[in-house]
Amino acid sequence: MSKEAEDWRENREFAEYTSASLTTQGLAQWTYGKIDVRAKLPKGVGVWPAIWMLGDNISEVDWPKCGELDIMEHVGFNKDSIFGSVHTETYNHTKGTAKGRVVFIANPYDEFHIYSLEWTPEKINFLLDGKVYHYFNNEHRTVNEWPFDQPFHLKLNVAIGGTWGGQNGIDLTIFPQQMIVDYVRVYELTP
């Protein structure tokens, strides 16, 4: 747990906001395949919805060594963009070396879009509505660059505020908000 998270727990009886997080950790995990999530995003300054995956070995090696795949991240102050990125020991935002890309999205709040990830032993593609907008190739170096040959679990969440989502504050007039998920589909890659 981060120092920031510990501070609010120690200094406040209750947090100012609550939000949801769904995870398959301990229930289902996959190594390679395609993940499709069809969803409408919450809107407003201060929201930070995400569809992402973490390596199941996070309790043994911690983040970012476990690997992280951000299928979709959105911040409400940047209303026409989504982000797809990879975080590893070598490539992560704390070092300024994260591998990611932003893409324009029309009507993310009022229309369903499909956020996808195609993951093989050689490459990871990030897709919006069936079109690849970012990719990450296996450099065949070490687990520090490519920790993606292991099981990962899926997470869907809506954060409020935070280090990125709250950079421009939180618009108190936007609540309640929700991420509406039509479906989540996982297609495992067979050898």
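Report on the accompanying structure.

## With respect to the sheet that holds strand S5 (residues 81-87)
The strand order S1-S10-S3-S4-S5-S6 describes an open sheet built from 6 strands, whose pairing is antiparallel. Looking at strand neighbours, the two that pair on one side only are strand S1 (21-23) and strand S6 (99-104), the edges of this open sheet. Strand after strand, the sheet turns through a mean of 10 degrees between neighbouring axes, direction not considered. Alignment of strand S4 (residues 68-73) against S5, held across 4 bridges, turns out to be antiparallel. Looking at S5, one finds that Asp 70 is bridged to Ser 85.

## Focus on the sheet that holds strand S8 (residues 123-128)
Judged by pairing direction, the sheet is antiparallel, and its 5 strands sit side by side in the order S9-S8-S7-S2-S11 without closing on themselves. The open sheet is flanked by strand S9 (131-137) and strand S11 (180-188), the only strands paired with a single partner. Taking each pair of neighbouring strands and ignoring which way they run, the sheet shows an average axis angle of 10 degrees. The pairing of S8 with S9 spans 6 bridges and is classified as antiparallel. Bridged to Leu 128 within S9 is Lys 131.

## Topic: the side chain of Asn 157
Relative to the elements of secondary structure, Asn 157 occurs in strand S10 (residues 152-160). With residues up to four places along the chain from it excluded, the contact list for Asn 157 reads Ala 20, Ser 21, Trp 48, Pro 49, Ala 50, Trp 52 and Met 179.

## Notes on the environment of Pro 151
Mapped onto the elements, Pro 151 comes out in the loop between S9 and S10. Put simply, Pro 151 and Lys 79 are 72 residues apart on the chain and 32 Å apart in space, counted from C-alpha to C-alpha. In contact with Pro 151, not counting residues within four places along its chain, are Gln 29, Trp 30, Thr 31, Leu 54, Gly 55 and Asp 56.

## Describing the layout of surface pockets
Its boundaries defined by the atoms lining it, the second largest pocket holds a volume of some 240 Å³. As for the second largest pocket, its lining consists of 15 residues, and the residues nearest its centre are Ser 19, Ala 20, Val 158, Gln 177 and Gln 178. Elements supplying a minimum of two residues to the lining of the second largest pocket: S1 and S10. Residue contributions to the lining of the second largest pocket peak at 4 residues, all from S10. Of the residues contributing to the lining of the second largest pocket, the split by class is 9 nonpolar, 6 polar and no charged.

Conventions we followed
- Residues numbered from 1 in each chain as written.
- Predicted model: local features only at pLDDT ≥ 70, side-chain atom pairs only at ≥ 80, totals over all residues.
- Heavy atoms only, no water.
- Pairing = 2+ DSSP bridges.
- Helix = DSSP H or I, 4+ residues; strand = E, 2+ residues; numbered from the N terminus.
- Axes fitted to C-alpha atoms, helices over the stretch in contact; angles between N-to-C directions.
- Contact = heavy atoms within 4.5 Å.
- 1 Å grid on protein atoms, 1.4 Å probe; cavity = no way out; pocket = protein on both sides within 12 Å on 5 of 7 lines; lining within 4 Å.
- Points joined across faces, edges and corners; volume = space filled by probe spheres on them.
- Nonpolar A, V, L, I, M, F, W, Y, C, P; charged D, E, K, R; others polar.

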